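Secondary and tertiary structure notes
Take a look at the letters that make up each chain.
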Amino acid sequence: MRLSRSSPRPFVAAFVLAFAAVAAAQAPQPPEVAAKSFVVLDLTTRQTLAEREADASADPASLTKLMTAYIVFQALRDKKLTLEQTLPVSKLAWSERKGGGSLMFIDTTMTPKVDELLKGLIVQSGNDAAVALAEAVGGSVDVFVGMMNRQAQAWGLKNTSFKNVTGLTEPGHRSTARDMGVIAAHIISDFPEYFPYYSIKEYKYNNIAQPNRNLLLRRDPTVDGMKTGFTESAGYCLLATAQREFPNLGATGGAGKRRIMTVVLNTVSMEARANESQKLLNWGFQAFDTVRLFDNGKAIVTPQVWKGTANVAKLGASGALFVSVPRGEGARLQTKVERSDPLVAPLAKGQRVGRILVSTAAGTPLADVPLVVMEPVEQSGIFGRAWDAIRLWVK
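In this text the structure is predicted, and so the values were computed from the model without any measurement.

Scoring rules and cut-offs
Residues numbered from 1 in each chain as written. Predicted model: local features only at pLDDT ≥ 70, side-chain atom pairs only at ≥ 80, totals over all residues. Heavy atoms only, no water. Helix = DSSP H or I, 4+ residues; strand = E, 2+ residues; numbered from the N terminus. Buried < 20%, exposed > 50% of the residue type's maximum accessible area, 1.4 Å probe, protein only. Areas by Shrake-Rupley, 256 points an atom, 1.4 Å probe, with all protein chains shown as cover. Expected span 1.5 Å × (residues − 1). Core = buried A, V, L, I, M, F, W, Y, C linked by side-chain atoms within 4.5 Å. Pairing = 2+ DSSP bridges. pLDDT = per-residue confidence, 0-100. Contact = heavy atoms within 4.5 Å.

As a further point, take the overall build of the chain. Counting secondary structure elements, the chain contains nine helices and 17 strands. Looking at the chain as a whole, 53% of its 395 residues are labelled buried. Of the accessible surface of the chain, which amounts to about 17600 Å², a share of 53% is contributed by carbon and sulfur atoms.

Below you can see the structure in the form of structure tokens.
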């Protein structure tokens, strides 16, 4: 890996949950996948490893419940609900029995806990659980659906529009493979304490035991989520994620965990969605290496500082920096630092002063991340500032 510095130029960067595509010209080709659309996301590096029709409008079926759950998790975080709180079951929630979809089998005589309803929503994919939770958080299903759509808009999911909380087919209820991946990635990053719900293999409520329909939870020990979906319109859908040990990803250079997510939409059967997802997960882990470029808290460059109490500034990435590359390409990466010059104190910790560009040996961009100040540099006294002002003028 080669590190170089270039002259400063304007740049724009933002902290968003977005996924950069691996350079198409050099990326390994994914296997044949029997699904209308799919996407493979590396959540460790925020890269898209492969995709087909990932932005095509589709019926998301019960993958909708990923956003339903996210809004409930927000309510739990904001103390509007507690896991042990009991909730009433309305006639509207009970009437989901007439809709023909998946059920938790709650009725109006019951007062299930929020924790039980979340298991019913996530493990059993219960439409009745979705309605009961939506009414508790939003006051009504319509208000809750509005909350779902506002959250989608906040994330920039322009191809997603929710009309209900269950995923039953309805005009205008649409999303895409990529957008569903973004929602799921937010659950993992924003609410890690609730992510374990998605690895529960079976849940029993009201003396009715139902298995999680994500078959990969039983087949691959590295798979720990996440959600299935099916309607006649949507076909069989699966959003799956797995975490496996990889060398050189740990904080001290040892083994660390790498997470990949796949989304397959509109396959022909429950078995097919599991097989196609497994195929893509294995390919993502085997065809790419994840390289740790820089460690968290370690300076990448230490340029001179003017008018400060320190002579140099420690600059680096805001956290450990990883990138996924085709297997065997890691040693050939090039890294370039672009920064403001001169650097004049005061400099605050975390202040953005440039960017770090990572590319392949052929110059294809892979990553563009902010270069920030690692340790603050206070302004020097009046005489020190005056002396540096003269030196800068001469320079």
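So, on to helix H4 (residues 127-138). Between the first and last C-alpha of H4 there are 16 Å, a value that for twelve residues agrees with the 16 Å anticipated at 1.5 Å per step. When we look at burial in H4, the residues that qualify are Asn 127, Asp 128, Ala 129, Ala 130, Val 131, Ala 132, Leu 133, Ala 134, Val 137 and Gly 138.

This paragraph deals with the nonpolar core. Core analysis: the largest hydrophobic core is formed by 67 residues, its most contacted members being Leu 66, Phe 73, Tyr 198 and Met 226. In terms of residues, this core owes the most to one element, helix H1 (residues 65-77), which gives nine residues.

Side chains Tyr 203 and Tyr 205 project from strand S5 (residues 202-205) onto a buried face, and the interleaved Glu 202 and Lys 204 project onto a face without burial. Looking at chain direction, S5 and strand S6 (residues 208-211) are connected through four bridges and run antiparallel. The residue bridging Tyr 205 from the neighbouring strand is Ile 208, located in S6. Between S5 and S6, which pair antiparallel one after the other, the connecting turn spans two residues, and Asn 206 there sits at a positive phi close to 55°.

Right, let's talk about the confidence of the model for the chain for a bit. Looking at the chain, pLDDT values average 89 and 87% of them are 70 or higher. Across residues 4-16, confidence stays below pLDDT 50; counting only partners more than four residues off in sequence or on other chains, it has 24 contacts. Confidence drops under a pLDDT of 50 for residues 383-388, and excluding neighbours within four residues, the segment shows seven contacts in the predicted structure.

Take helix H3 (residues 114-122) next. Of all nine residues in H3, seven are buried, a share of seventy percent or more. Every buried residue of H3 is accounted for by Val 114, Asp 115, Leu 117, Leu 118, Gly 120, Leu 121 and Ile 122. Contact partners of the buried residues in H3: H1, H4, S5 and strand S7 (223-231).

Time to look at the environment of Lys 307. Examined against the element boundaries, Lys 307 turns out to sit in the loop between strand S11 (305-306) and strand S12 (315-316). Separated by 72 residues in the primary sequence, Lys 307 and Gln 379 place their C-alpha atoms 6.0 Å from one another.

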